[in-house]
Amino acid sequence: MAEADRVGEEHPKKKHPNYFLIALWLGIVTVLEVGLAEWARTPAGAWVPLVPVLLAMAVIKASMVALYYMHLRFDSRLYTIFFMVPMFFGVLFILAVLYNP
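First things first, this report covers the structure right here in the doc.

1. Overview of the overall build of the protein chain
The secondary structure content of the protein chain amounts to four helices and zero strands. For the protein chain, the α and β elements follow one another from N to C terminus as α-α-α-α. Classification of the 101 residues of the protein chain by burial places 20% in the buried group. Considering only intrachain contacts with a sequence separation of at least 6, the fraction spanning at least 24 residues in the protein chain is 58%. For the protein chain, the exposed area adds up to about 8100 Å²; of that, 72% sits on carbon and sulfur atoms.

In structure tokens form, the structure reads like this:
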């Protein structure tokens, strides 16, 4: 009798991300990257530290793609750590190579 009661029960639904808004956000960040790169070529934008800013924006975009489109956000935290830790060290390595006197 208990199994018959469970058959009709509603299962909790998993919340799915709004992929359109994520794609829109990624597009906006891409437009900002291109605009910043073009603006930095002008005399007014010559003071912008272009590489660190563009690198930060690229890390944000890569993280969003991995978290939402690769579904790391909804999987075990261990998978997220396995992705984020190498990305962190990769960014450190790139910055060390770029700014080594």
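Structure's up, so let's keep going.
2. Description of the pattern of salt bridges
Enumeration according to the criterion identifies two salt bridges in this entry. Two residues, E33 and K61, come together in a salt bridge whose shortest N-O distance is 2.9 Å. Within this pair, whereas E33 is found in helix α2 (residues 19-40), its partner K61 is found in helix α3 (residues 50-69), the two being separated by 28 residues in sequence. No difference in accessibility class separates E33 from K61, as the two residues are buried. A salt bridge links E38 to R41; the nearest nitrogen and oxygen atoms lie 3.3 Å apart. You can call E38 partly exposed: its relative accessible area is 45%.

What counts and what doesn't
- The numbering scheme is per chain: residues are counted from 1 as the chain's sequence reads.
- With pLDDT at 70 or above as the cut-off, local features in this predicted model cover only qualifying residues; side-chain atom pairs require 80 or more to be listed or tallied, and sums for whole chains, interfaces and linings still use all residues.
- Only hydrogens and water are removed before side-chain values are computed, so all heavy atoms of the structure are retained for them.
- The helix and strand labels rest on DSSP assignments: H or I over at least four residues marks a helix, E over at least two residues marks a strand, and numbering proceeds from the N terminus.
- Partly exposed describes any residue whose relative accessible area lies between the buried limit of under 20% and the exposed limit of over 50%, with all areas from a 1.4 Å probe on protein chains only and scaled to the type maximum.
- In what follows, residue pairs with any heavy atoms lying within 4.5 Å of each other are defined as contacts.
- All accessible areas in this document rest on Shrake-Rupley with a 1.4 Å probe, and a residue is counted as covered only by the protein chains that are shown.
- Any Lys or Arg side-chain nitrogen located within 4 Å of an Asp or Glu carboxyl oxygen qualifies as a salt bridge.

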